[in-house]
Amino acid sequence: MKARVFVTLKPGVLDPQGKAIHHALEGLGFEGVEDVRAGKLIELDLAEGTSDDEIAEMCRKLLANTVIENFKIERLGA
Amino acid sequence: MKSAVLVFPGSNCDRDLAVAIEQITGRAPEMVWHRDTDLPEGTDLIAVPGGFSYGDYLRSGAMAARSPIMAAVGEAAAKGVPVLGICNGFQVLTEAGLLPGALMRNAGLHFVCRPVRLTVENSQSIFTSRYQAGEQIVIPVAHHDGNYQADVETLDRLEGEGRVAFRYSGEVNGSARNIAGIVNAAGNVLGMMPHPERALEPAHGNSDGRRLFEGLLEAVA
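Note that the structure is predicted; figures quoted are calculated from it, not measured.

Explain the overall build of chain A to me, please; I cannot follow it from the model alone.
In terms of helices and strands, chain A carries two helices and three strands. Listing each helix as α and each strand as β along chain A from the N terminus yields β-α-β-α-β. Taken against the 2.2 N^0.38 rule, which gives 12 Å for 78 residues, the C-alpha radius of gyration of chain A at 16 Å runs more than 25% over that of a compact globule. Dimensions along the principal axes, computed over C-alpha positions, put chain A at roughly 45 × 30 × 15 Å.

Written as structure tokens, this is what we have:
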């Protein structure tokens, strides 16, 4: 089974990379971009039966720094 | 003084730090591999070096902080053994939970590599006893992820308890309240982004970092 983990900065935490992307989009002439936040996508190929709790534990222990980041887990396929 | 320098794959400042410690203490530190599970018996100082452990993959310091040796570092720190984390070492110590907060990408997005002016905020710690509180010193920085952030409550507590060791004298990387280095509540763990081991002798252009190591030697000896 596969799962995706999305790691994003918590709201209110300054995101320098998002800001740089925002500036670059403006530089390309795209108007109306209010804000940009950059995050990470981590794809996991897991043994069948791996529980959401186990994946959340991976996120808390390593994949996300919960001081500054949130994570969201998405399972792929059946 | 019996010291240990941790060695992580990808770090490039471990030898600099070992040379600095040997110069001051007259005794070469043990180089301790990240996969080891024990520190050498009787270690008086643990030094966590700068320099891109694990290539800064995932987050700076994240993988090093979960390496086997860090459990022993945590135990030693809890017993009061001094732990000095410089640059990536500071990132490792926050990731390991030995210091609060987190180090993020520099606000200006640039890699900052230059001597910077610091204010010594507190001369009461074992790391800063050879400095005067309020003194201005110059120590080089070299980092991409030196932007120290913590919630307001944590920042207030750090300042209220005199745990800010060094502050940048001007804007460097976007750090909250210009924090360049902090100590833990017990005062035996210091994390700082500037590199005192690169300011040790006149040949380095500046020797303001020397007193940090001398103070440590005095505290431990």
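Just to check I follow, could you spell out the packing of helix α1 (residues 14-25) of chain B against helix α6 (residues 210-220) of chain B for this structure?
Helix-helix packing is described using two parameters, namely the angle between the two axes and the distance between the axes. All names here are of chain B. Their axes nearest at 10 Å, the elements α1 and α6 cross at an angle of 60°. Our classification of the angle between α1 and α6 gives oblique. α6 is crossed by α1, and the crossing has right-handed handedness. Residues L17, A20, I21, Q23, I24 and T25 of α1 pack against R210, F213, E214 and L217 of α6. Here the residues of the contact of α1 with α6 are counted per class, giving six nonpolar, two polar and two charged.

Looking at this structure, how should I read the sheet that holds strand β7 (residues 136-143) of chain B?
Paired through backbone hydrogen bonds, the strands of a sheet run either parallel or antiparallel to each other. Residues and elements named next belong to chain B. As summarised here, the arrangement of the nine strands in space is β2-β1-β3-β4-β11-β10-β9-β6-β7, forming an open sheet in which the pairing is mixed. Lying at the two open borders of the sheet, with one neighbouring strand each, are β2 (30-33) and β7. Across the sheet, the mean angle from the axis of one strand to that of its neighbour is 25°, orientation sign disregarded. Relative to strand β10 (residues 179-183), strand β9 (residues 164-168) runs antiparallel, the two being bridged by three bridges.

Please clarify how the side chain of S60 of chain B should be interpreted in this entry.
All names here are of chain B. The residue S60 is located in the loop between β3 (45-48) and α2 (62-65) in this model. Side chain to side chain, S60 and D56 meet in a polar contact 3.4 Å long. In contact with S60, other than residues within four places in its own chain, are N88, Q91, E95 and D145.

What am I meant to see in the interface of chain A and chain B here?
A common measure of how large an interface is: the accessible area buried when the components associate. Counting residues at the interface gives 16 residues for chain A, matched by 13 residues for chain B. Area buried by chain A at its contact with chain B is led by P16, L62 and N65 of chain A, which between them contribute 39% of it. Our count for the chain A to chain B interface comes out at one salt bridge. The residue E69 of chain A makes a salt bridge to R59 of chain B at a minimum N-O spacing of 3.7 Å. Summed over the shared surface of chain A and chain B, the result is five residue pairs in polar contact (both at pLDDT 80 or more). Counting residues per element, the ones that place at least two in the side of chain A that touches chain B are α1 (16-27), β2 (39-45) and α2 (52-63) of chain A. Across the side of chain A that touches chain B, the residue classes tally to eleven nonpolar, two polar and three charged.

Sorry, what's going on with the UniProt feature "active site" (unreviewed entry) in chain B here?
Residue and element names in this part refer to chain B. Within this structure's numbering, the places UniProt gives as "active site" (unreviewed entry) are C87, H195 and E197. Maximum C-alpha separation among the annotated residues is 11.0 Å over a sequence range of 111 residues, consistent with a single clustered spot. Beyond its immediate sequence surroundings of up to four residues, H195 is in contact with C13, G50, I86, C87, I139, P140 and A142. Here E197 shows up in the loop between β11 (189-192) and α6. Beyond its immediate sequence surroundings of up to four residues, E197 is in contact with C13, D16, L17, A20, I86, H204 and F213. At 2.8 Å, the side chain of E197 and the side chain of H195 are in polar contact.

I tried to follow the state of the cysteines on my own but got confused; where do I start?
Covalent bonding between the sulfur atoms of two cysteines is what defines a disulfide. Residues and elements named next belong to chain B. Within the structure shown, the criterion is met by zero disulfides over all chains. C13 carries a free sulfur, and the closest cysteine sulfur to it, the one in C87, is 6.6 Å from it. Under the relative-accessibility criterion, C13 is labelled buried at 2%.

What exactly am I supposed to notice about the pairing of β7 of chain B here?
Regular strands have side chains that alternate between both faces of the sheet. All names here are of chain B. Judged by how many residues are buried, β7 sits mostly within the fold: six of eight residues are covered. Judged from the eight bridges that link them, strand β6 (residues 112-120) and β7 form a sheet pairing that is antiparallel. Considered in β7, the bridge of R117 is made with V138.

So what exactly am I meant to see when it comes to the packing of aromatic side chains here?
The relation between two aromatic rings is expressed through the spacing of the ring centres and the mutual angle of the planes. Across all of its chains, the model carries three aromatic pairs over all chains by this definition. Seen from their ring centres, F52 of chain B and F111 of chain B are 6.4 Å apart, and the 25° between their planes marks the pair as stacked. Of this pair, F52 of chain B sits in the loop between β3 and α2 while F111 of chain B is found in the loop between β5 (102-104) and β6, placing the two residues 59 residues apart along the sequence. Seen in terms of ring centroids, F90 of chain B and Y148 of chain B are 5.9 Å apart; in terms of plane orientation they differ by 15°. Their pairing is stacked. With F90 of chain B in helix α4 (residues 88-95) and Y148 of chain B in strand β8 (residues 147-149), the pair connects residues that are 58 residues apart, well separated along the chain. A cation over an aromatic ring shows up here: K72 of chain A above the ring of F6 of chain A, its NZ or CZ 5.1 Å from the ring centre.

Rules used throughout
- Counting starts from 1 at the beginning of each chain's written sequence and moves along it residue by residue.
- Just so you know, chain letters begin at A and ligand numbers begin at 1, following the order they were written in.
- Given that this is a predicted model, residues contribute local features only at a pLDDT of at least 70 and side-chain atom pairs are listed and counted only at 80 or more, while totals for whole chains, interfaces and linings are drawn from all residues.
- Excluded from the side-chain calculations are hydrogens and water; all other atoms, namely the structure's heavy atoms, are used.
- Runs of H or I in DSSP of at least four residues are treated as helices and runs of E of at least two as strands, each being numbered from the N terminus.
- Note on method: radius of gyration uses C-alpha positions; expected globular size equals 2.2 Å times residues raised to 0.38.
- Here an axis means a line fitted to C-alpha atoms, over the contact stretch when the element is a helix, while the angle between two N-to-C directions is reported on a 0 to 180 degree scale.
- Oblique is the label for any angle not covered by the other classes, which are roughly parallel (under 35 degrees), roughly antiparallel (over 145) and roughly perpendicular (65 to 115).
- The handedness criterion is simple: a crossing whose near helix is rotated anticlockwise from the far helix by less than a right angle is left-handed, and one whose near helix is rotated clockwise is right-handed.
- Contacts: residue pairs with any heavy atoms within 4.5 Å of one another.
- Put simply, Ala, Val, Leu, Ile, Met, Phe, Trp, Tyr, Cys and Pro go in the nonpolar bin, Asp, Glu, Lys and Arg in the charged bin, and everything else, Gly too, in the polar bin.
- Note: two strands are recorded as paired if DSSP finds a minimum of 2 bridges between them.
- Whenever two N or O atoms come within 3.5 Å, that pair is a polar contact, provided that in protein one can donate a hydrogen and the other can accept it, and provided that, for residues adjacent in sequence, both atoms are side-chain atoms.
- Buried area: the sum, over both parts, of the accessible surface (1.4 Å probe) that disappears when the two are put together.
- Within this document, salt bridges are pairs made up of a side-chain nitrogen of Lys or Arg and a carboxyl oxygen of Asp or Glu, the two lying within 4 Å of each other.
- UniProt positions are given in the numbering used here, feature names are shortened, and annotations may be inferred rather than shown by experiment.
- Here, a disulfide means two cysteine sulfur atoms that sit within 2.5 Å of each other.
- A 1.4 Å probe rolled over the protein chains alone gives each residue an accessible area, and that area as a share of the maximum for its type sets the label: buried under 20%, exposed over 50%, partly exposed in between.
- Any Phe, Tyr or Trp ring, taking Trp's six-membered ring, that has another such ring centre within 6.5 Å forms a pair; planes under 30 degrees apart are called stacked, those over 60 apart edge-to-face, and the others tilted.
- The criterion for a charge sitting over a ring is simple: Lys NZ or Arg CZ within 6 Å of the ring centre, and within 35 degrees of the ring normal.

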